[in-house]
Each structure stands twice: as structure tokens, then as C-alpha cells.
Amino acid sequence: MSLESSNENCIGWAARDVSGVLSPYKFSRRDLGIDDVSLKITHCGICYADVVWTRNEFGDSMYPVVPGHEIVGTVKDVGSNVKNFKVGDHVGVGNYVNSCRECEFCNDRQEVHCSKRVKTFNGIDVDGTITKGGYSSNIVVHERYCFRIPNGYPLDKAAPLLCAGLTVYTPMMRHNMNQPGKSLGVIGLGGLGHMAVKFGKAFGLKVTVLSTSMSKREEALNLLGADNFVLSSDEQEMKNLMSSLDFIVDTASGDHPFDPYMSLLKVSGVLVLVGFPSKIILSPASLNIGAKTISGSVTGGTKITQEMIDFCATNKIYPDIEVIPIQYANEALDRMINKDVNYRFVIDIENSLK
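The model shown is predicted, which means the values in this text are computed figures rather than measured ones.

The rules behind each value
Residues numbered from 1 in each chain as written. Predicted model: local features only at pLDDT ≥ 70, side-chain atom pairs only at ≥ 80, totals over all residues. Heavy atoms only, no water. Helix = DSSP H or I, 4+ residues; strand = E, 2+ residues; numbered from the N terminus. Buried < 20%, exposed > 50% of the residue type's maximum accessible area, 1.4 Å probe, protein only. Pairing = 2+ DSSP bridges. Right-handed = clockwise from strand over helix to strand, strands pointing away. Core = buried A, V, L, I, M, F, W, Y, C linked by side-chain atoms within 4.5 Å. Contact = heavy atoms within 4.5 Å. Salt bridge = Lys/Arg side-chain N within 4 Å of Asp/Glu carboxyl O. Expected span 1.5 Å × (residues − 1). Axes fitted to C-alpha atoms, helices over the stretch in contact; angles between N-to-C directions. Disulfide = S-S within 2.5 Å. pLDDT = per-residue confidence, 0-100.

A. Representation of unusual backbone geometry within the structure. A cis amide bond links Tyr-63 with the next residue in sequence, Pro-64, at an omega value of 0°. Relative to the assigned elements, Pro-64 resides in the loop between helix H1 (48-54) and strand S4 (70-78). If you check the backbone angles, Arg-109 has positive phi at about 60° while not being a glycine. Turning to its location among the elements, Arg-109 is positioned in the loop between helix H2 (104-107) and strand S7 (118-119).

B. Region of the structure containing the pairing of strand S11 (residues 206-211). Most of S11 is tucked away, with five of its six residues classed as buried. As paired elements, strand S10 (residues 183-187) and S11 share five bridges and run parallel to each other. Within S11, the position partnered with Ile-187 by the bridge is Leu-210. Crossover connection from S10 via helix H5 (residues 191-202) to parallel S11: handedness right-handed. Pairing of S11 with strand S12 (residues 228-231), which is carried by four bridges, proceeds in the parallel orientation. Within the sheet, the bridge partner assigned to Thr-208 lies in S12 and is Asn-228.

C. Spotlight on the nonpolar core. Ranked by size, the top nonpolar core spans 45 residues in total, and within it Val-168, Met-177, Leu-184, Val-197, Phe-199, Val-249 and Met-308 carry the most contacts. Elements that contribute at least two residues to this core include exactly helix H3 (155-158), helix H4 (164-174), S10, H5, S11, strand S13 (245-250), strand S14 (265-273) and helix H10 (302-315). Those residues within four positions of Phe-199 in sequence are excluded, and the remaining contacts are Gly-165, Val-168, Tyr-169, Met-172, Met-308, Phe-311, Cys-312 and Ile-317.

D. Here's a closer look at the pattern of salt bridges. In this structure the tally under the stated criterion is 14 salt bridges. The shortest N-O distance in the salt bridge between Arg-55 and Asp-334 comes to 2.9 Å. One end of the pair, Arg-55, is in the loop between H1 and S4; the other, Asp-334, is in helix H11 (residues 329-337), with 279 residues separating them in the sequence. Owing to a relative accessible area of 37%, Asp-334 belongs among the partly exposed residues under this scheme.

E. Up close: H4. Burial within H4 is extensive, with nine of its 11 residues counted as buried. Looking at H4, one finds that the buried residues are Ala-164, Gly-165, Leu-166, Thr-167, Val-168, Tyr-169, Thr-170, Pro-171 and Met-172.

F. Main features of H10. Helix length check: H10 (14 residues) gives 20 Å between terminal C-alpha atoms against 20 Å at 1.5 Å per residue, within 8%. Along H10, the residues that are buried comprise Thr-302, Ile-304, Thr-305, Met-308, Ile-309, Phe-311 and Cys-312. Buried residues along H10 sit against strand S6 (96-98), strand S9 (146-148), H4 and H5.

G. A look at the sheet that holds S10. In space, the six strands of this open sheet follow the order S12-S11-S10-S13-S14-S15, with parallel pairing throughout. Every interior strand has two partners, whereas the edge strands, S12 and strand S15 (293-296), have only one. Going from strand to strand, the sheet's axes swing by 20° on average, the running direction of each strand aside. In the packing of H5 onto the sheet, contacts are made with S10, S11 and S13, and the angle to S10 comes to roughly 170°.

H. Region of interest: the state of the cysteines. Overall, the coordinates contain zero disulfides when judged by the stated rule. With no disulfide partner, Cys-10 has as its closest neighbouring cysteine sulfur the one in Cys-44, 12 Å distant. The class for Cys-10 is buried, based on a relative accessible area of 1%. Free of any disulfide, Cys-106 has its nearest cysteine sulfur in Cys-103, 3.7 Å distant.

I. Main features of the confidence of the model for the chain. The predicted model of the chain averages 95 in pLDDT, with 98% of residues at 70 or higher. Considering only residues more than four positions removed or in separate chains, one finds that residues 1-6, a stretch of pLDDT under 50, has 15 contacts.

Take a look at the structure:
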């Protein structure tokens, strides 16, 4: 197979400054290495990380920023050493594209914790260039960081699995939240929360959605199949739920109190935080009394990523998405900030990026 030319143009959409406004942008992908897979991108999910780095919220954005780390596409070329993929395969790429491959975390296939992990966009690639993400026509990635999308799984629905799905699946498995008959609470019903509900039901858990918005009630119960819905601002409803949950997945990124939620856990219960509020304030008694645990988590390593994708395919678990053209990306980012999406935007790269 012929190698990609470094002069081949890649078409994308990029932010040029802290306004975060995206517009068309041409650039070149790195050469295809012997261990690399070249993908034609068909779809890319929109994650809040896209807002963070296009608008320089962490102060480390390297413009122009081409966002996107929920990437799905078809293989168009492979390096000579690639064994696991061939031309035409459906492949996903998540939020990192490299790591040292030598540390304890890489050896355990938990590359997400590697100190030399390279982000899919706004990172420094192996050739010293700045990585650029999935709001683009194609990408070149080492095969270790590519994931097989099983035949028959819709590519548009596969995209959110690479971040939103993985972010909740990883801690649920780590804390044994897959025991049928046990009870799960899910705080927040956005892109992450709705996947936590779907996984909880697939695991055979009794799922309660905890939300500040009564408008989420019908969606939680009738659309997603949750067993219970509790308005977290209703003191009586919260009191009725005290000491009844084995686990809680907290997807809320806005600041919120923790003591009321910790009171819902049974003895030895676990609350996992996957959102990013600015602070965590809770009474020591919320942990000590009942021997409860609060834990944090990010996405996951390569092993559990493929496991999660295969689990979704086997159990017919599909994210709820709104497919949009790339030309709508700026409006979609604004809508996501305003929580006006059910439940994940996915860009139809193949049919709209020309």
C-alpha cells in the first residue's frame, strides 16, 4: 500500500482565537508510519472539551485548534506493521492518540493515566506537531489507539461511545456497578448521564435519575427506561430515598452540594464523580458514617474502551444523538453550553465537510 503524502491536504474546521468561533481550515496530516492507521472520518461527536480548548478555558490552547475526540471512520490505509485493521474497517478514535507505551499504566492498558499521553487535539504529536481532532476529513493514528466498531453498529451512534460512553462505563466497571438487582443513582441527564442510565439498565440495576429539572422526568422514565425519577430540590423526595442506593454516578459539572447525595447511599455505598465542578464540599460525616466512598474518574484505557464498544454492540446500546452538518457546529457548541441537546451532537463529517 502506498504511504500518505505529507503534502496531502486535510480539510477541517478550526478556532483561531479565544472566541472559539470555528471556520474552514486546511492543513496536512503527518505521514503514515508503519504502525499507523489512516482514517476517513465519517462522524465526530461534540464534547464539552471542544468548548474548553477552542475557547482557551484552561489557558493552554494552541491555535488554530481543530477540536473533536469522538471520532469514527473507515480505514483507507494502514502501515506495514499493522495487524489488527485493514482497509474498509470501521474504526473509532477517542481522546488520546499516543502514550509512552512503557510505564505501569501503559503496561496495564490504562494509557489514560500515562504522564506522556497525547491528546487527540491540542497535544504534541510524535513528530512535534500540534494534534488536530475530528472536525476534519481524515486522521492518522497509531493502531494501538484505534478501536474496532463491530459491523452493523451505526457509525453516527458509535461516536459518543468514545468519550461520553467510556467516561461512565469505566468507573462503573471499576466499582462493580454491574451487579444485577442493585440500585444506581444518576445525577444529571446529559450526554454522560443518559449513557449511565443505559448501562445501568443493561447491567440489571434499579436506576434512579436525580435531576434539578422536572422537565427531565418524562425523558428519564419513558425514553430511557429509568425506574425512578427524583427532583433533587424536593426535600421530601430526597428524604424518601435516603440510604437506598448502592451506587451513584455524578455527571454534573456545575457546582452542587454533595452531602444530600451522600445521604442517599447505603452502607459502603460509592459515589463516582465524572463531572468537573469547581469544588467539592462535604461533611466528613457523609463519608465516615456508613463507611461511604467518593471517587473520581476520567475516560479509560484501550482495553476497557474496546470492551465497552463490544458491550454496546452485543446489548444494542445506542446513544441518543442529534446529527448535524459541520456548518452548524458553532450553534451546536452554544446549544451544548446551554444544555439544549438530547443528548449528544454528532457531526456528519462525510456528507457535510467538503
